[in-house]
Amino acid sequence: MTNALVGAYPWVKALHIIAVIAWMAGLLYLPRLYVYHADLPKGSNRAALLGVMERRLLRGIMLPAAVMTYGLGMLLAAIPEVVDWHRGWIWAKLGLVALLTVFHILLAYWRVGLAAGRSPHSSKFFRIMNELPTLMMIAIVLLVVTRPF
(Lines give C-alpha, C1' and ligand atoms only; values in the text may rest on other atoms or scores of the structure.)
Protein backbone atom coordinates (compact mmCIF):
# COMPACT_ATOMS: atom_id res chain seq x y z
CA MET A 1 0.00 0.00 0.00
CA THR A 2 2.80 2.41 0.87
CA ASN A 3 4.46 1.96 -2.54
CA ALA A 4 1.14 2.61 -4.27
CA LEU A 5 0.65 5.81 -2.24
CA VAL A 6 4.17 7.01 -3.03
CA GLY A 7 3.57 6.38 -6.74
CA ALA A 8 0.24 8.20 -6.61
CA TYR A 9 1.70 11.21 -4.77
CA PRO A 10 1.74 13.67 -7.73
CA TRP A 11 -1.86 12.81 -8.61
CA VAL A 12 -3.11 13.01 -5.04
CA LYS A 13 -1.34 16.34 -4.56
CA ALA A 14 -2.76 17.75 -7.82
CA LEU A 15 -6.30 16.68 -6.92
CA HIS A 16 -5.85 18.12 -3.41
CA ILE A 17 -4.83 21.49 -4.87
CA ILE A 18 -7.81 21.45 -7.25
CA ALA A 19 -10.17 20.67 -4.35
CA VAL A 20 -8.65 23.47 -2.24
CA ILE A 21 -9.09 25.96 -5.10
CA ALA A 22 -12.76 24.98 -5.50
CA TRP A 23 -13.37 25.22 -1.74
CA MET A 24 -11.62 28.58 -1.49
CA ALA A 25 -13.62 29.94 -4.44
CA GLY A 26 -16.79 29.22 -2.49
CA LEU A 27 -15.41 30.59 0.78
CA LEU A 28 -14.50 33.80 -1.03
CA TYR A 29 -17.73 34.16 -3.05
CA LEU A 30 -20.48 33.12 -0.63
CA PRO A 31 -19.94 35.98 1.85
CA ARG A 32 -20.06 38.40 -1.11
CA LEU A 33 -23.50 37.01 -2.01
CA TYR A 34 -24.51 37.56 1.62
CA VAL A 35 -23.43 41.23 1.34
CA TYR A 36 -26.00 41.71 -1.42
CA HIS A 37 -28.65 39.51 0.21
CA ALA A 38 -28.51 41.12 3.67
CA ASP A 39 -30.08 44.40 2.57
CA LEU A 40 -32.87 42.98 0.40
CA PRO A 41 -36.50 42.89 1.52
CA LYS A 42 -37.87 39.49 2.51
CA GLY A 43 -39.62 37.72 -0.36
CA SER A 44 -38.20 39.88 -3.13
CA ASN A 45 -37.25 38.24 -6.43
CA ARG A 46 -33.58 39.15 -5.94
CA ALA A 47 -33.58 37.65 -2.43
CA ALA A 48 -35.08 34.44 -3.84
CA LEU A 49 -32.51 34.30 -6.63
CA LEU A 50 -29.62 34.89 -4.23
CA GLY A 51 -31.03 32.21 -1.93
CA VAL A 52 -30.92 29.66 -4.76
CA MET A 53 -27.39 30.71 -5.72
CA GLU A 54 -26.21 30.50 -2.10
CA ARG A 55 -27.73 27.05 -1.56
CA ARG A 56 -26.27 25.66 -4.78
CA LEU A 57 -22.84 27.11 -4.07
CA LEU A 58 -22.78 25.75 -0.53
CA ARG A 59 -24.18 22.29 -1.23
CA GLY A 60 -23.07 21.71 -4.81
CA ILE A 61 -19.55 23.12 -4.78
CA MET A 62 -18.27 24.02 -1.33
CA LEU A 63 -19.31 20.91 0.61
CA PRO A 64 -17.97 18.40 -1.94
CA ALA A 65 -14.79 20.45 -2.35
CA ALA A 66 -14.26 20.60 1.44
CA VAL A 67 -14.78 16.85 1.75
CA MET A 68 -12.32 16.22 -1.09
CA THR A 69 -9.82 18.67 0.43
CA TYR A 70 -9.90 16.82 3.75
CA GLY A 71 -9.88 13.34 2.23
CA LEU A 72 -7.02 14.02 -0.15
CA GLY A 73 -5.14 15.93 2.55
CA MET A 74 -5.36 12.93 4.86
CA LEU A 75 -4.19 10.70 2.04
CA LEU A 76 -1.20 13.00 1.47
CA ALA A 77 -0.42 12.91 5.19
CA ALA A 78 -0.42 9.09 5.04
CA ILE A 79 2.32 9.04 2.39
CA PRO A 80 5.69 8.43 4.07
CA GLU A 81 8.02 11.43 4.36
CA VAL A 82 5.54 13.94 2.93
CA VAL A 83 4.92 15.60 6.30
CA ASP A 84 7.43 16.10 9.09
CA TRP A 85 5.12 16.16 12.11
CA HIS A 86 7.90 17.59 14.30
CA ARG A 87 7.85 20.91 12.42
CA GLY A 88 5.58 23.71 13.63
CA TRP A 89 4.41 24.97 10.24
CA ILE A 90 2.21 21.92 9.62
CA TRP A 91 0.39 22.42 12.92
CA ALA A 92 -0.11 26.12 12.18
CA LYS A 93 -1.46 25.21 8.73
CA LEU A 94 -3.84 22.61 10.17
CA GLY A 95 -5.05 25.17 12.73
CA LEU A 96 -5.84 27.60 9.93
CA VAL A 97 -7.63 24.86 7.97
CA ALA A 98 -9.71 24.19 11.09
CA LEU A 99 -10.59 27.91 11.21
CA LEU A 100 -11.61 27.79 7.53
CA THR A 101 -13.83 24.84 8.39
CA VAL A 102 -15.46 26.78 11.24
CA PHE A 103 -15.97 29.67 8.80
CA HIS A 104 -17.61 27.27 6.32
CA ILE A 105 -19.97 26.05 9.05
CA LEU A 106 -20.80 29.64 10.03
CA LEU A 107 -21.58 30.46 6.39
CA ALA A 108 -24.00 27.52 6.30
CA TYR A 109 -25.61 28.69 9.54
CA TRP A 110 -25.99 32.27 8.29
CA ARG A 111 -27.53 31.00 5.04
CA VAL A 112 -30.42 29.47 6.99
CA GLY A 113 -31.29 32.88 8.45
CA LEU A 114 -30.99 34.62 5.10
CA ALA A 115 -33.17 31.97 3.43
CA ALA A 116 -35.84 32.55 6.07
CA GLY A 117 -35.79 36.30 5.39
CA ARG A 118 -33.97 37.11 8.62
CA SER A 119 -30.57 38.57 7.92
CA PRO A 120 -28.44 37.50 10.88
CA HIS A 121 -26.01 40.37 10.24
CA SER A 122 -25.63 43.57 8.26
CA SER A 123 -24.07 43.83 4.84
CA LYS A 124 -21.12 45.62 6.48
CA PHE A 125 -20.53 42.59 8.72
CA PHE A 126 -20.49 40.30 5.69
CA ARG A 127 -18.06 42.65 3.89
CA ILE A 128 -15.66 42.23 6.80
CA MET A 129 -16.22 38.46 6.93
CA ASN A 130 -15.49 38.32 3.20
CA GLU A 131 -11.84 39.23 3.93
CA LEU A 132 -11.15 36.48 6.49
CA PRO A 133 -10.72 33.52 4.11
CA THR A 134 -8.32 35.58 1.99
CA LEU A 135 -6.10 36.29 4.99
CA MET A 136 -6.17 32.64 6.07
CA MET A 137 -5.41 31.45 2.54
CA ILE A 138 -2.39 33.76 2.29
CA ALA A 139 -1.08 32.49 5.61
CA ILE A 140 -1.58 28.84 4.60
CA VAL A 141 0.19 29.28 1.27
CA LEU A 142 3.11 31.05 2.93
CA LEU A 143 3.40 28.30 5.55
CA VAL A 144 3.26 25.47 3.01
CA VAL A 145 5.71 27.04 0.57
CA THR A 146 8.27 28.50 2.99
CA ARG A 147 7.95 26.05 5.91
CA PRO A 148 9.42 28.71 8.20
CA PHE A 149 9.49 26.72 11.46
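Scroll up to find the structure.
Described below are features of the structure shown in this document. (Residues numbered from 1 in each chain as written. Predicted model: local features only at pLDDT ≥ 70, side-chain atom pairs only at ≥ 80, totals over all residues. Heavy atoms only, no water.)

1. Focus on the overall build of the protein chain
Where we set the bar: Secondary structure is summarised from DSSP: a helix means a run of H or I of at least four residues, a strand means a run of E of at least two, and numbering begins at the N terminus for each. Burial status follows relative accessibility: with a 1.4 Å probe on protein chains alone, a residue under 20% of its type maximum counts as buried, one over 50% as exposed, and anything between as partly exposed. Should any heavy atoms of two residues lie within 4.5 Å, those residues are counted as being in contact. Only the protein chains shown count as covering a residue, and every accessible area follows the Shrake-Rupley method with a 1.4 Å probe. Charged-residue counts in this description rest on Lys and Arg as positive and Asp and Glu as negative, His and the chain ends being excluded. Throughout, a charge is located at the NZ atom of Lys, the CZ atom of Arg, the CG atom of Asp or the CD atom of Glu.
Scanning the protein chain from N- to C-terminus turns up 5 helices and 0 strands. Each helix (α) and strand (β) of the protein chain, taken in turn from the N terminus, gives the series α-α-α-α-α. Along the first, second and third principal axes, the C-alpha atoms of the protein chain reach 55 × 30 × 15 Å. Looking at the 149 residues of the protein chain, the share that counts as buried comes to 35%. Residue pairs in contact within the protein chain that sit at least 24 positions apart in sequence constitute 78% of those at least 6 positions apart. Only carbon and sulfur atoms are counted for the fraction: they give 71% of the accessible area of the protein chain, which is about 8,800 Å². Distance from the positive charge centre (14 side chains) to the negative charge centre (5 side chains) of the protein chain: 10 Å.

2. Focus: helix 5 (residues 132-146)
For clarity, the threshold we go by: Take the number of residues in a helix, subtract one, and multiply by 1.5 Å to get its expected span. By arc we mean the arc of the directions from the helix axis to the C-beta atoms, nothing more.
Here helix 5 spans 21 Å end to end across 15 residues, near enough to the 21 Å set by a 1.5 Å rise per residue. Along helix 5, the residues classified as buried are Pro133, Met136, Ile140 and Leu143. With its buried residues spanning 95 degrees around the axis, helix 5 presents them on a single face. Exposed and oriented more than 90 degrees from the buried face of helix 5 are Leu135, Leu142 and Val145. A positive phi of about 45 degrees marks Arg147, the residue just after helix 5.

3. Observations regarding unusual backbone geometry
Positive phi outside glycine occurs at Glu81, with the angle close to 70 degrees. Residue position: Glu81 is located in the loop between helix 2 (45-78) and helix 3 (88-115). What makes Glu81 exposed here is its relative accessible area of 81%. Of note in this structure, Arg147 is not a glycine but carries a positive phi near 45 degrees. Positionally, Arg147 belongs in the segment after helix 5.

4. Notes on the nonpolar core
Put simply, the test is: Working definition of a nonpolar core: buried Ala, Val, Leu, Ile, Met, Phe, Trp, Tyr and Cys residues. They are joined through side-chain atoms within 4.5 Å.
By size, the foremost hydrophobic cluster in this structure holds 36 residues, and its most contacted members are Leu27, Leu30, Met62 and Leu107. Those elements giving two or more residues to this core turn out to be helix 1 (2-38), helix 2, helix 3, helix 4 (123-129) and helix 5. Take this core: its biggest share by element is 11 residues, from helix 1. The residues contacting Leu107, other than those within four sequence positions of it, are Leu27, Leu30, Pro31, Tyr34 and Met62.

5. Considerations on the packing of helix 3 against helix 5
Quick note on the threshold: In this analysis, axes come from line fits to C-alpha atoms, helices being fitted only over the stretch in contact, and the angle between any two N-to-C directions falls in the range 0 to 180 degrees. What sets the label is the angle itself: under 35 degrees gives roughly parallel, over 145 gives roughly antiparallel, 65 to 115 gives roughly perpendicular, and the rest give oblique. By definition, any crossing whose near helix is turned counterclockwise from its far helix by less than a right angle is left-handed, and any crossing with a clockwise turn is right-handed. By the convention adopted, Pro, Cys, Tyr, Trp, Phe, Met, Ile, Leu, Val and Ala count as nonpolar, Lys, Arg, Asp and Glu as charged, and the other residues, Gly among them, as polar.
Close contact between helix 3 and helix 5 brings their axes to 9 Å; oriented N to C, the two are set at 160 degrees. Our classification of the angle between helix 3 and helix 5 gives roughly antiparallel. For the element pair helix 3 and helix 5, the recorded crossing hand is left-handed. The segment helix 3 lies against helix 5, with Trp89, Ala92, Lys93, Leu96, Val97, Leu99, Leu100 and Phe103 engaging Leu132, Pro133, Met136, Ala139, Ile140, Leu143 and Val144. Partitioning the contact of helix 3 with helix 5 into residue classes produces 14 nonpolar, no polar and 1 charged.

6. Concerning the environment of Asn130
Locating Asn130 in the fold gives a position in the loop between helix 4 and helix 5. Residue class for Asn130 comes out buried when judged on its relative accessible area of 9%. Taking C-alpha positions, Asn130 is 27 Å from Pro148, a pair spaced 18 residues apart along the chain. When near neighbours in sequence (up to four residues on either side) are disregarded, Asn130 contacts Leu28, Pro31 and Arg32.

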